[in-house]
Amino acid sequence: MLVLSRKIDESIVIGDDITIKIISVEKGVVKLGIDAPKNVSIIRNELLEDVKSANIAASQEIKMDDLTLLSTIIKK
């Protein structure tokens, strides 16, 4: 992991087309501005972890009766 120190209004560049700028630092919270192409997905890690957890929980709730019913429907 690369660790950098930046001040307000300073930036880092990733690759040729992603820029991350320090917008503000207040009460231990750093606000970042990210300039990236539209095809680059940007998501907060905690949201990604929530989605993963929800998907795992949903996959463990499947009942055998539900799978049997689904199999019957598909065969029709």
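Thresholds, definitions, all that
Counting from 1, residues in each chain are numbered in the order their sequence is written. Where local features are concerned, this predicted model is filtered to residues with pLDDT of at least 70; where side-chain atom pairs are given and counted, the filter is 80 or more; whole-chain, interface and lining totals use all residues. The side-chain quantities take in all heavy atoms of the structure and omit both hydrogens and water. Only DSSP runs of H or I covering at least 4 residues are called helices, and only runs of E covering at least 2 are called strands; the numbering of each starts at the N terminus. Radius of gyration means the value over C-alpha atoms here, while the globule rule gives 2.2 Å times the residue count to the 0.38 power. Categorising residues by exposure relies on relative accessible area from a 1.4 Å probe, with only protein chains included: less than 20% of the type maximum marks a residue as buried, more than 50% marks it as exposed, and the intermediate range marks it as partly exposed. The pairing criterion for strands is at least two bridges between them, as found by DSSP. Think of a salt bridge as a Lys or Arg side-chain nitrogen and an Asp or Glu carboxyl oxygen that are within 4 Å of each other. Each patch is built from salt-bridge-free residues with over 30% relative accessible area, joining like charges within 9 Å and nonpolar side chains (Val, Leu, Ile, Met, Phe, Trp, Tyr) within 5 Å. Using a 1.4 Å probe, accessible areas were evaluated by the Shrake-Rupley method; residue-level cover was limited to the displayed protein chains.

Trainee: Would you mind showing me how to read the overall build of the protein here?
Mentor: When helices and strands are counted, the protein shows 2 helices and 3 strands. For the protein, the succession of helices and strands along the chain, N to C, is β-β-β-α-α. Against the 2.2 N^0.38 benchmark of 11 Å for 76 residues, the protein shows a C-alpha radius of gyration of 22 Å, more extended than a compact globule. Taking all 76 residues of the protein together, the buried fraction comes to 5%.

Trainee: What is the right way to look at the pairing of strand E3 (residues 29-35) in this model?
Mentor: Consecutive side chains of a regular strand alternate in pointing toward one face of the sheet and then the other. With 7 bridges joining them, strand E2 (residues 18-26) and E3 adopt antiparallel strand pairing. Bridging from a neighbouring strand, Lys-21 pairs with Gly-33 of E3. Linking E2 back to E3 in an antiparallel pair, the connection comprises 2 residues, with Lys-27 at a positive phi of about 50°.

Trainee: Can you help me understand the pattern of salt bridges in this one?
Mentor: Between side chains of opposite charge, pairing is possible as soon as their charged atoms come close. Here the structure, examined in full by the defined rule, presents 4 salt bridges. Glu-10 is the partner of Arg-6 in a salt bridge, and the nearest nitrogen-oxygen pair spans 3.7 Å. The exposure class assigned to Arg-6 is partly exposed, which follows from its relative accessible area of 41%. Put simply, Arg-44 and Glu-46 hold a salt bridge, and the shortest N to O gap is 3.2 Å. Since its relative accessible area comes to 43%, Glu-46 is described here as partly exposed.

Trainee: Could you clarify how one ought to interpret unusual backbone geometry in this entry?
Mentor: Leave glycine aside and you will find that most residues have negative phi; peptide bonds, for their part, are mostly trans. If you check the backbone angles, Asp-9 has positive phi at about 75° while not being a glycine. Relative to the assigned elements, Asp-9 resides in the segment before strand E1 (11-14). Owing to a relative accessible area of 54%, Asp-9 belongs among the exposed residues under this scheme. Of note in this structure, Lys-27 is not a glycine but carries a positive phi near 50°. Inspection of the secondary structure puts Lys-27 in the loop between E2 and E3.

Trainee: It is not clear to me how a nonpolar patch on the surface should be interpreted in this structure. Could you clarify?
Mentor: A grouping of Ile-8, Val-25, Val-30, Leu-32, Ile-34, Val-40 and Ile-42 is seen on the molecular surface, where their side chains present a nonpolar patch of about 590 Å² in accessible area. By the element assignment, Ile-34 lies in strand E3.

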